[in-house]
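# Coordinate inspection notes
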Amino acid sequence: MSKLVLEQIEKGFDEQLILADLSFGVNDGEFVSLLGPSGSGKSTIFHLIGGLYQPDQGTIYLNGQDIVGKKGSISYMPQTPALLPWRTILDNVMLGAELAHQPDRNQAIHMLRRAGLAEYSNRYPHELSGGMKQRAAFVRSLLSPQPFICLDEPFSALDEFTRLEMQKWLLSIWEEERPSVLFVTHNIEEAIFLSDRIIVLGSKPAQVIKEFDITFNRPRTEDLTLTNEFLAIKKEIFQTLRGVLDD
Ligand SMILES: Nc1ncnc2c1ncn2[C@@H]1O[C@H](COP(=O)(O)OP(=O)(O)OP(=O)(O)O)[C@@H](O)[C@H]1O
Ligand SMILES: [Mg+2]
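Overview of the structure. (Residues numbered from 1 in each chain as written. Chains lettered and ligands numbered in written order. Predicted model: local features only at pLDDT ≥ 70, side-chain atom pairs only at ≥ 80, totals over all residues. Heavy atoms only, no water.)

### Notes on the coordination of the magnesium ion (ligand 2)
Selection rule: Distances up to 2.8 Å from the metal define which N, O and S atoms are donors, and 3.2 Å serves for Na, K and Ca; water is absent from the atom set, so sites may look incomplete. Here a helix means four or more residues in a row that DSSP labels H or I, a strand means two or more in a row labelled E, and each is numbered from the N terminus. Relative accessibility thresholds used throughout: buried, under 20% of the residue-type maximum; exposed, over 50%; partly exposed, between the two (1.4 Å probe, protein chains only).
Distances from the magnesium ion (ligand 2) to its protein donors, namely Ser43 (OG) and Gln79 (OE1), fall within the range 2.1 to 2.2 Å. Of the two residues, serine 43 sits in helix 1 (residues 42–49) while glutamine 79 sits in the loop between strand 6 (75–77) and helix 2 (89–93), which places them 36 residues apart along the sequence. For glutamine 79, a relative accessible area of 39% gives the class partly exposed.

Pasting the structure below:
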């Protein structure tokens, strides 16, 4: 069971209000994406859920427990990969599992291979490209044992085809274990392809503008992205986002 609820969250920096009266939830086993303008506060929301920041007001519950200011309750992939420079890639991806005393070296090696990083297991982060570091951080978040995963633009640095491979891989893992996922992206198509529900955020301060239920059958294949139904919802979300930017 892994259910997240944010209730009336308020957060400001230096007198500027970033989030106000923000409430939403992610149900057990649900895949939810957040879409919103750059600078609207998406990463700030993740920092709050991850316990790195404290809200000025409001509460965050994971399975009914208040997790405000508590680190380690969720698996979290930050927007910048944040790999430890003194650890090899293999040792980096095992960090979350290690902290929970559940390291599985063989599984880590298997996952690195799936992410196209087999030859880089024993290299150090500075020897990898930006997209490789991003994939390593993604593998680390998948290897963390917490059943709630927050991914902040995990595929933004990848070329179109690698991105699609990573999306399909994420979906196959998600379908097997059904973790709850909160996912941030700027890519509308990616959000529709992956999610059960999409929350569009406005900015200054961030608020929920609209929610879209994405009811396409699973497992999903890339052909879905070419159907009229897919294009129709893409258009609707595009217009909602454009409305937010024009405000
Ligand atoms: N630690 C901080 N101190 C001061 N201001 C901050 C801090 N963190 C974030 N902000 C401000 O909060 C606002 C929201 O930032 P945030 O990174 O959450 O946006 P975002 O929606 O993730 O944007 P992007 O899509 O570009 O990643 C910005 O105006 C940013 O300058
Ligand atoms: Mg961000």
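### Looking at the sheet that holds strand 2 (residues 16–26)
As a reminder, the rule being used: Following DSSP output, two strands are said to pair if at least two bridges run between them.
Read across the sheet, four strands follow the order 2-1-4-5 without closing on themselves; strand pairing throughout is antiparallel. Because the sheet does not close on itself, it has two edges, and the strands there are strand 2 and strand 5 (65–66). Relative to strand 5, strand 4 (residues 57–62) runs antiparallel, the two sharing two bridges. Looking across to strand 5, one finds that tyrosine 61 is bridged to aspartate 66.

### Some thoughts on the packing of helix 4 (residues 105–114) against helix 5 (residues 130–143)
Between two packed helices, both the angle of their axes relative to each other and the distance between the axes serve to describe the pair. Here is the rule we go by: Whenever a helix is involved, its axis is fitted only over the stretch in contact; in every case the axis is a line through C-alpha atoms, and angles between N-to-C directions fall within 0 to 180 degrees. Reported orientations rely on four angle classes, namely roughly parallel under 35 degrees, roughly antiparallel over 145, roughly perpendicular from 65 to 115, and oblique for the rest. By the definition used in this description, the sense in which the near helix is turned from the far one sets the handedness, with an anticlockwise turn below a right angle giving left-handed and a clockwise turn giving right-handed. The contact criterion used throughout is that any non-hydrogen atoms of two residues lie within 4.5 Å. Note on residue classes: Ala, Val, Leu, Ile, Met, Phe, Trp, Tyr, Cys and Pro are nonpolar, Asp, Glu, Lys and Arg are charged, and everything else, Gly too, is polar.
Direction vectors running N to C along helix 4 and helix 5 enclose 140 degrees, while the axes themselves pass 10 Å from each other. Taken as axis vectors, helix 4 and helix 5 run oblique relative to one another. When you trace helix 4 past helix 5, the crossing you get is right-handed. Seen from helix 4, the contacting residues are Gln107, Ala108, Met111 and Leu112; seen from helix 5, they are Val139, Leu142 and Leu143. When the residues that make up the contact of helix 4 with helix 5 are grouped by side-chain class, the tally is six nonpolar, one polar and no charged.

### Considerations on the site of ligand 1
What counts here: Near is defined per residue: the residue qualifies when any heavy atom it owns lies within 4 Å of the molecule or strand. Polar contacts, as counted here, are pairs of nitrogen or oxygen atoms within 3.5 Å of one another; within protein the pair requires one atom able to donate a hydrogen and one able to accept it, and residues that are adjacent in sequence qualify only if both atoms are side-chain atoms.
Looking at ligand 1, there are 14 residues lining it, with Ser38, Gly39, Lys42, Thr44 and His186 nearest. Within the contact set of ligand 1, an oxygen atom lies 2.7 Å away from a side-chain nitrogen or oxygen of lysine 42. Threonine 44 has a polar side-chain atom sitting 2.6 Å from an oxygen atom of ligand 1. Among the elements that line the shell around ligand 1, the one with the most residues is helix 1, at three residues.

### Comments concerning the packing of aromatic side chains
Test applied: Side-chain rings of Phe, Tyr and Trp, where Trp is taken by its six-membered ring, are said to pair if the distance between their centres is within 6.5 Å; with planes under 30 degrees apart they count as stacked, over 60 as edge-to-face, and otherwise as tilted.
Inspection of the entire model under this criterion finds eight aromatic pairs. Each ring, one from phenylalanine 31 and one from tryptophan 174, has its centre 5.9 Å from the other, and the planes form 75 degrees; the classification is edge-to-face. A residue pair is termed long-range when its members are at least 10 positions apart, and phenylalanine 31 in strand 3 (residues 31–35) and tryptophan 174 in helix 6 (residues 160–177) qualify at 143 residues. Of the two residues examined, phenylalanine 31 and tryptophan 174, each falls in the buried class. An aromatic cluster of three or more residues is present, and its members are Phe31, Phe138, Phe155, Trp169, Trp174 and Phe183.

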